[in-house]
Number of protein chains: 2
Amino acid sequence: MELPPLHLDRNADRPLAVQLADALRAVTAGGTLRAGDRLPSTRELAATLGVSRTVTAAAYDQLLAEGWAVGRRGAGTFVVGAPAGPPAHPRPATPPPPAGRRRSGVVSLRPGTPCLEALDRAAWRRAWRAAADPAPDVGPDPVGLPAFRAAVVEHLLRHRGLAADPAQVLATGGSTAAVAELARTLPAGARVAVEEPGYQRAVAALQAAGLTVLPVPVDAAGLVVEALPPGLAAVYCTPAHQYPLGARLSAARRLALVERARTDGFLVIEDDYDGELRYDVAPLPLLAALGPDVVAHLGTTSKLLTPTLGAGWLVAPPAVRAAVLGLRDRTGMRPVRAGQRVFVAFAAHGDLARHLRRLRRELAERRAAVAAAVHAAGHLLEGDAAGAHVLVPLPDAAAERTVIDAAAARGVDLDGLARHHAGRPGRSGLVLGYAKPPRAELERGLAVARDVLALGAR
Amino acid sequence: MELPPLHLDRNADRPLAVQLADALRAVTAGGTLRAGDRLPSTRELAATLGVSRTVTAAAYDQLLAEGWAVGRRGAGTFVVGAPAGPPAHPRPATPPPPAGRRRSGVVSLRPGTPCLEALDRAAWRRAWRAAADPAPDVGPDPVGLPAFRAAVVEHLLRHRGLAADPAQVLATGGSTAAVAELARTLPAGARVAVEEPGYQRAVAALQAAGLTVLPVPVDAAGLVVEALPPGLAAVYCTPAHQYPLGARLSAARRLALVERARTDGFLVIEDDYDGELRYDVAPLPLLAALGPDVVAHLGTTSKLLTPTLGAGWLVAPPAVRAAVLGLRDRTGMRPVRAGQRVFVAFAAHGDLARHLRRLRRELAERRAAVAAAVHAAGHLLEGDAAGAHVLVPLPDAAAERTVIDAAAARGVDLDGLARHHAGRPGRSGLVLGYAKPPRAELERGLAVARDVLALGAR
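Nothing here was measured: the structure is a model prediction, and the numbers come from that model.

About the criteria used
- Residues numbered from 1 in each chain as written.
- Chains lettered and ligands numbered in written order.
- Predicted model: local features only at pLDDT ≥ 70, side-chain atom pairs only at ≥ 80, totals over all residues.
- Heavy atoms only, no water.
- Helix = DSSP H or I, 4+ residues; strand = E, 2+ residues; numbered from the N terminus.
- Least-squares fit on C-alpha atoms with pLDDT ≥ 70 in both.
- Contact = heavy atoms within 4.5 Å.
- Buried area = accessible area lost by both parts, 1.4 Å probe.
- Salt bridge = Lys/Arg side-chain N within 4 Å of Asp/Glu carboxyl O.
- Polar contact = N/O pair within 3.5 Å; in protein donor to acceptor, adjacent residues only side chain to side chain.
- Nonpolar A, V, L, I, M, F, W, Y, C, P; charged D, E, K, R; others polar.
- Pairing = 2+ DSSP bridges.
- Axes fitted to C-alpha atoms, helices over the stretch in contact; angles between N-to-C directions.
- Parallel < 35°, antiparallel > 145°, perpendicular 65-115°, else oblique.
- Left-handed = near helix turned anticlockwise from the far one by under 90°.

J.: An account of unusual backbone geometry is needed here, citing residue identities and associated values.
T.: Cis geometry is adopted by the peptide bond preceding P244 of chain A, which originates at Y243 of chain A and carries an omega value of 10°. Assignment of secondary structure puts P244 of chain A in the loop between strand 8 (234-237) and helix 8 (251-264). Each neighbour pair has its own omega, and for E196 of chain B with P197 of chain B the value is 0°, a cis peptide bond. Positioned with a positive phi, D280 of chain A is a non-glycine residue whose angle comes to about 55°. By secondary structure assignment, the location of D280 of chain A is in the loop between strand 9 (267-271) and helix 9 (287-290).

Next comes the structure, spelled out in structure tokens:
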């Protein structure tokens, strides 16, 4: 790599290292240096410019800290993705926060995100490394990698008590992607019951496929099965940890739902989005275990690991699987294999089982901290037997709004029941997720939540 | 890990190491040993069983070679994914073929697959390793990772001569996924022109969205723009290397198509599936460069690297991007980030640019071998200025069928034009892809192709 002439002014007030970093940024921004280009060594550049190596090393350190350059062990220093349109002026030099610290800012206590703090980074990196091997496979694969389906079967058996055959499993792009696919296999205009309040992304996917969505109430025992209307093509539900209220569907209702599905002839879509997370309570049988003939069971790596993988699974009766494969055939859509590979590698050496233990322990501790904060504010909580969020009931929509606004003013992002309704709002309260923030931020967020809830309790 | 008692018979004919491997396989198949379980060290197990360490080491080597176990440096030997339903008998011990060799079998000379032989495995592994860092991101991302969009912009500028802004780019799940999304943003029943012959997976995606597909002829200068019917909502085409005929859309037709799109008010979907591959000819401007206001440009990593990544890009006018984002919002579908991360990491240090050089060199050599074989058989070829497949015209459908059947009888899978038509078949010929097989297999395949084509030439 031949650098253009770089002009340093020894008489200027600005240190030579700063001038050099600026000059290198400018030639990068101007397009002379491009992503992937190797910079000369600090020694070579020092010799060329007639400055000490301290100057070149300091300039490189600055560029590395800013992310303009990256060092590769033994190979040198390389320019990183230059900006697309050459900006008139180089970007201001804002060094990123030191590793391990986050930008102080808004703390999110919203539900629906995984707990990255519980992830063993070394094991995670090992999995990605292993996922690169062997040679990337080719050819269409609407079903999912055999190794992925085998890993899912093992996971379901160990952690969800479901004995499935790999032939029953289809890889998906995650739960919402699977709901969207199942929706498109139902006749246009068909009636589908959903929980109210419920998971609105699933509702949106059902509606986008031209289905008629019918909200059905939820109580402390989950979906009110007796309230299901007649003439349904499908029922979408979250029995392990109702989203967002947090109830577990009772054993009696599970049996009733499967029975009703058989007599009425509808499909039950069991979204087991965080079913692996459970505290102090005995497991209940999956709907898919009670009614393998009428249940499409959906699992995902999004809450367990990260939505980055875009990998989930569908276990369903043959006719449903065939309909989904037919859709994939007609549309040419296939589940992406990159995330499947990472999941396989992560599951292979017991890392997934270890991660689940660690995740449950971490979330159980966080849950205790949440309960303490909520109780200290004079409130009760619900739905805390499973998952990674709880419900804090509030008297009405005005109280919900007041509490959320007060927290926002103090830099804490809270979620309310209002946005989880498909029909008119019913109950009010906070949907308090505790997986996302690092522990220190969680504590800060909970302190604010406690204060604003204490206000709301008055 | 406590092993159950293992019974070895010192008086049997079978070597102790073989007996031990069988016994370990049996307890794994029986479910006593499970995926992720650590086996005792060869030393410990030798002491327990009262055999020499040579015996235990040989048994472990056998299990490692078979893939029943995996060794982790410094950590020991671990059981790999046991079969799901415990089989009555352990699997027969069929050692996998040595690395680098494939099972001898059918050689595929079909188009549409990438060239894995050109991939630098070390660079590829490096990219996956890097993709694991930093912490996996969370939160919804319908647009695509910023670093991915920046890498795409860089790639388009360097290799496709298109100056795009990252804000114009949306990540997709690949070309077909993008066509399916664009199709769903058009009004049901709208008329879309496609090339005839053409890419039938795109046709299927358009039809699955309820659109009316109108085949338009293709000649040696690509899509016959003058033949486009009126009243179109969109035109789907492959200007860089028409699929499957291989023609490049002429400069005059490019201008005419963009002009026509402006006057008629239709959207041009430019599928640039293998646009990075070009031989001995000057580049032509992308449709997206000529008509950024009327063109939705699609690129993909599938032919460049591997479909495993499930990562592609869409560069389109604001209204089209907004419509796609609206669909993603309504359906909850998002492009998967795992493959985006790998692409970013692969592009970061110049590995992508190096790979492209290597890929072009490799494919150029293969193309010469293909031309030699075809010419030696007394045939001509077309569409060889770009991409990774050529057309070998044949007089009629019967000749096409004869040649394909004769090759199949000799273990070579050839593709004919017949399956690339949406309407009634027109021309006949072979669509000869040369990217997939390793070089040795390619040579074997070409020898057969030459023989059967010589037959067909008579």
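Next comes the rest of the write-up.
J.: So what's going on with the relation of the copies chain B and chain A? Which residues, and what values?
T.: The transform that puts chain B on chain A rotates by 180° and translates by 0.1 Å along the axis, for an RMSD of 0.3 Å. The transformation just described matches what one would write down for a two-fold rotation axis. Minimal C-alpha distance to the rotation axis in chain B is attained by R129 of chain B, lying at 2.2 Å. Both copies present the same face, since 97% of the interface residues in chain B are matched by interface residues at the equivalent positions in chain A.

J.: Can you tell me about the interface of chain B and chain A, naming the residues and giving the values?
T.: With 58 residues of chain B at the interface, the matching set in chain A holds 60 residues. Interface area for chain B against chain A, summed over the two sides, is near 5,100 Å², with a carbon-plus-sulfur share of 61%. There are zero salt bridges connecting chain B and chain A. Counting across the interface, chain B meets chain A through eight residue pairs in polar contact (both at pLDDT 80 or more). Every element with two or more residues in the side of chain B that touches chain A is listed here: strand 1 (69-72), helix 4 (121-131), helix 5 (146-160), helix 6 (175-185), helix 7 (200-208), helix 10 (318-331) and helix 11 (337-348) of chain B. When its residues are assigned to classes, the side of chain B that touches chain A shows 30 nonpolar, ten polar and 18 charged.

J.: Requested: an account of the sheet that holds strand 10 (residues 295-300) of chain A, with residues and values cited.
T.: Residue and element names in this part refer to chain A. The eight strands lie next to each other as 4-11-10-9-8-5-6-7, forming an open sheet whose pairing is mixed. Where the open sheet ends on each side, the last strands, each with one partner, are strand 4 (169-172) and strand 7 (222-223). As paired strands, strand 4 and strand 11 (residues 312-315) are joined by four bridges and run antiparallel to one another. Following the sheet pairing, V169 is matched in strand 11 by V315. Along the sheet, helix 6 (residues 175-185) contacts strand 4, strand 8, strand 9, strand 10 and strand 11; its crossing angle with strand 10, the most-contacted strand, is approximately 150°.

J.: Could you give me a rundown of the packing of helix 6 of chain B against helix 7 of chain B, with the residues and numbers involved?
T.: Residue and element names in this part refer to chain B. Running from amino to carboxyl end, helix 6 crosses helix 7 at an angle of 30°, the nearest separation of the two axes being 8 Å. The angle between helix 6 and helix 7 falls in the class roughly parallel. Between helix 6 and helix 7 the crossing geometry is right-handed. Listed contacts from helix 7 to T176, V179, A180 and A183 of helix 6 are R201, A202, A205 and L206.

J.: Now, about the pattern of salt bridges: what can you tell me, with residues and values included?
T.: Residues and elements named next belong to chain B. A complete count under the given rule lists 44 salt bridges over all chains for this structure. Two residues, R260 and D264, come together in a salt bridge whose shortest N-O distance is 2.8 Å. Of this pair, R260 and D264 both sit in helix 8 (residues 251-264), four residues apart, roughly one helical turn. With a closest N to O distance of 2.9 Å, E382 and R427 form a salt bridge. Of this pair, E382 sits in the loop between helix 12 (351-376) and strand 12 (389-394) while R427 is found in the loop between strand 13 (412-413) and strand 14 (428-433), placing the two residues 45 residues apart along the sequence.

J.: Any details on the environment of L325 of chain A? Residues and values, ideally.
T.: All names here are of chain A. Structurally, L325 can be placed in helix 10 (residues 318-331). Sequence separation between L325 and L170 is 155 residues; the distance between their C-alpha atoms is 8.8 Å. Among all residues touching L325, those that are not within four sequence positions of it are P142, V143 and L170.

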